[in-house]
Amino acid sequence: MPQPLAERMRPRTLDEYIGQRHLVGPGAVLRRMIESGRIASFILWGPPGVGKTTLAQIIANKLECPFYTLSAVTSGVKDVRDVIEKARSGRFFNSANPILFIDEIHRFSKSQQDSLLGAVEKGIITLIGATTENPSFEVIRPLLSRCQLYVLKSLEADDLLQLLDRAIHEDVELSKRNIRLEETSAMLRYSGGDARKLLNILELVVEAETSDEVVINNQVVEERLQQNPLAYDKDGEMHYDIISAFIKSIRGSDPDAALYWMARMIEGGEDPLFIARRLVISAAEDIGLANPNALLLANAAFDAASKTGWPEARIPLAECAVYLAASPKSNSAYMGIARALETVKQTGNLPVPLHLRNAPTKLMAQLGYADGYKYAHDYPGNFVEQQFLPDEVQQSRFWQAQHTPSEEKLYQQMLRCWGDRYK
């Protein structure tokens, strides 16, 4: 019995790898690292089916070094220590470090992650982790600080079409069939940027056709998937499409819709902490300064869900979802940091004005550090006007208030302090 199509089509070299050009395209950071023959530990963060595992395997093949794989779902601390010991005893002088690839590293407990620290720090292994979850929530800080983080994106339509063409014409099994692609929009829509899901759909449609000629159009794809809905990884569709509907319902102030989409996720077996994390993000991004208590409640819901799990976690999560949906909305802080980040990218590392620098030594004081700084608490109202931005951007505005009742108080305070600057 042949391997699944997705496995048969797994790239073996960077030249065969599709997508993630920002990481592995000509001159990109990971390609340069790989071509140099020496890589540092890193974590790949991205949705399913975008090439995280494949990229790790390509790196191991290119570097011709020992390659160990652990799954965070089935491996414990003992497995981690066994691999580290094998890597230590199997090393040769001046050879590339053995690579330890950990799939779904976000599922490792704190103790499991702690067991990796020493080996990573001493260079006994080069760690490559793969995760679909935000590492800042799931990976302990000491380990995260020892790894670079690379973000992989969902594959674009051109990438998926290239993959389809390659599978139809180059795969050992599909190339025997007369396959004609009349329409692709349904396949692309159902795949959701997931290469593995796309190939699963293609394989399902082809295998369902008994004649030599296989015609693929939107109607055929939809009919086949209705007959076998699990073939295109319904969990993946729920994971991204339904969470999107959930967040947009909260942003759109519709508590009923928010509860409906949450119920869909609960019935689908979604991880309660996945939902809780999205509530925290929504509280900061969409409610923001219009109701600062929203972030406090979202964090409390996250804490409650982590302590209870299903089915009880549905109660604090539902309470939070309704509260966020019914709250006034503001994205002024979200937009403000976006503007500030864009300015930093355009202007680079501008020097900190001398009066804002600390002067812990005599030399620094002689150079003018802290000279002229005005301590706000020494002035009426705990405010005195002075420059806090570098000269080159001192006229820039990043935070622009949105006049909800709560945020209006902050805006009026800024008017009292800065006058026309905030009008």
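Quick note: structure is the one above.
Everything quoted here is computed from the prediction, not taken from an experiment. (Residues numbered from 1 in each chain as written. Predicted model: local features only at pLDDT ≥ 70, side-chain atom pairs only at ≥ 80, totals over all residues. Heavy atoms only, no water.)

Engineer: Give me the lowdown on the overall build of the chain, citing residues and values where you can.
Structural biologist: Counting its regular elements, the chain contains 20 helices and seven strands. C-alpha atoms of the chain, sized along the principal axes, occupy 85 × 60 × 40 Å. Here the chain, with 423 residues, has 43% of them falling under the buried criterion. Residue pairs at least 24 apart in sequence account for 72% of intrachain contacts in the chain once pairs closer than 6 positions are excluded. Within the structure as shown, the chain displays about 22900 Å² of accessible surface, and the carbon and sulfur contribution to it stands at 52%. Side chains of the chain give 47 positive and 54 negative charges; the mean places of these two sets differ by 7 Å. (Helix = DSSP H or I, 4+ residues; strand = E, 2+ residues; numbered from the N terminus. Buried < 20%, exposed > 50% of the residue type's maximum accessible area, 1.4 Å probe, protein only. Contact = heavy atoms within 4.5 Å. Areas by Shrake-Rupley, 256 points an atom, 1.4 Å probe, with all protein chains shown as cover. Lys, Arg positive; Asp, Glu negative; His and termini not counted. Charge placed at Lys NZ, Arg CZ, Asp CG, Glu CD.)

Engineer: Run through the pattern of salt bridges, naming residues and quoting values.
Structural biologist: All chains considered together, the criterion is met by 21 salt bridges. Notably, a salt bridge pairs Arg-180 with Glu-213, separated by 2.6 Å at the nearest N-O pair. Linking Arg-180 in strand β6 (residues 178–181) with Glu-213 in strand β7 (residues 213–216), this pair joins segments that are 33 residues apart in sequence. Given the relative accessible area of 35%, Arg-180 is considered partly exposed. Here Glu-222 and Arg-189 are joined by a salt bridge, their closest N and O atoms 3.0 Å apart. With Glu-222 in helix α12 (residues 218–227) and Arg-189 in helix α10 (residues 185–191), this pair connects stretches of sequence that are 33 residues apart. Judged by its relative accessible area of 28%, Glu-222 is partly exposed. (Salt bridge = Lys/Arg side-chain N within 4 Å of Asp/Glu carboxyl O.)

Engineer: I'd like a description of the nonpolar core, backed by residues and values.
Structural biologist: In this structure, Met-187, Leu-202, Ile-216 and Val-221 are the most contacted members of the largest nonpolar core, which totals 29 residues. Elements supplying a minimum of two residues to this core: α1 (5–8), α9 (157–170), α10, α11 (195–208), β7 and α12. A total of eight residues in this core trace back to one element, the largest contributor, which is α11. Residue contacts for Met-187: discarding those within four places in its chain leaves Leu-164, Leu-181, Leu-198, Ile-201, Leu-202, Ile-216 and Val-221. (Core = buried A, V, L, I, M, F, W, Y, C linked by side-chain atoms within 4.5 Å.)

Engineer: Give me the lowdown on the pairing of strand β3 (residues 99–103), citing residues and values where you can.
Structural biologist: Within β3, four of the five residues are buried, which leaves it mostly tucked inside the rest of the structure. In terms of strand pairing, strand β2 (residues 67–71) meets β3 through five bridges, oriented parallel. What sits directly across from Tyr-68, in β3, is Leu-100. Direction of pairing for β3 relative to strand β4 (residues 126–131): parallel, over a ladder of five bridges. From the neighbouring strand, Leu-100 faces β4, where its bridge partner is Leu-127. Taken together, β3, helix α6 (residues 110–122) and β4 constitute a β-α-β crossover, and its handedness is right-handed. (Pairing = 2+ DSSP bridges. Right-handed = clockwise from strand over helix to strand, strands pointing away.)

Engineer: Can you explain unusual backbone geometry? Please cite residues and give values.
Structural biologist: Geometrically, the link from Trp-310 to Pro-311 is a cis peptide bond, its omega value of 0° lying close to zero. Inspection of the secondary structure puts Pro-311 in the loop between α16 (293–308) and α17 (314–326). Non-glycine residue Gln-20 carries a positive phi angle of around 55°. As for its position among the elements, Gln-20 is in the loop between α1 and α2 (21–24). Located in the positive-phi region is Ala-370, a residue other than glycine, with phi close to 70°. Positionally, Ala-370 belongs in the loop between α19 (362–366) and α20 (405–418). You can call Ala-370 partly exposed: its relative accessible area is 32%.

Engineer: Explain the sheet that holds strand β1 (residues 42–45) to me, and be specific about the residues and the numbers.
Structural biologist: Strand pairing in a sheet relies on backbone hydrogen bonds. The paired strands run either parallel or antiparallel. Taken together, five strands build an open sheet; the order of strands is β2-β3-β4-β1-β5 and the sheet is parallel. Looking at which strands have only one partner, the edges of the open sheet turn out to be β2 and β5 (148–151). The mean inter-strand angle of the sheet, taken between neighbouring strand axes irrespective of direction, is 20°. Note that β1 and β5 share four bridges and pair parallel. Bridged to Trp-45 within β5 is Val-151. Against the sheet, helix α5 (residues 77–89) touches β2 and β3, its axis set at about 175° to β2. (Axes fitted to C-alpha atoms, helices over the stretch in contact; angles between N-to-C directions.)

Engineer: Residue-level account of the packing of aromatic side chains, with values.
Structural biologist: This structure, assessed with the given rule, holds four aromatic pairs. Consider the rings of Tyr-260 and Trp-261, whose centres lie 4.8 Å apart with planes at 75°: the pair is edge-to-face. With a relative accessible area of 43%, Tyr-260 lands in the partly exposed category. Plain terms: the ring middles of Phe-383 and Trp-418 are 5.1 Å apart, the flat faces sit at 80° to each other, and that makes the pair edge-to-face. Of this pair, Phe-383 sits in the loop between α19 and α20 while Trp-418 is found in helix α20, placing the two residues 35 residues apart along the sequence. Taking relative accessible area as the criterion, Phe-383 reaches 24% and is therefore assigned partly exposed. Look at Trp-418 and you get buried, because its relative accessible area is 17%. (Phe/Tyr/Trp six-rings, centres within 6.5 Å; stacked < 30°, edge-to-face > 60°.)

Engineer: Talk me through a nonpolar patch on the surface; I want residue IDs and the actual numbers.
Structural biologist: Nonpolar side chains collect at one region of the surface, where Tyr-373, Tyr-375 and Phe-388 lie side by side and expose about 330 Å² of accessible area between them. Along the chain, the position of Phe-388 falls in the loop between α19 and α20. (Patch = residues over 30% accessible without salt bridge, like charges linked within 9 Å, V, L, I, M, F, W, Y side chains within 5 Å.)

Engineer: Explain the side chain of Gln-113 to me, and be specific about the residues and the numbers.
Structural biologist: As for its position among the elements, Gln-113 is in helix α6. Within the structure, the side chain of Gln-113 is placed 2.7 Å from the backbone nitrogen of Ile-140, a separation counted as a polar contact. If sequence neighbours within four positions are ignored, Gln-113 has contacts with Ile-105, Phe-108, Glu-138, Val-139, Ile-140 and Leu-143. (Polar contact = N/O pair within 3.5 Å; in protein donor to acceptor, adjacent residues only side chain to side chain.)

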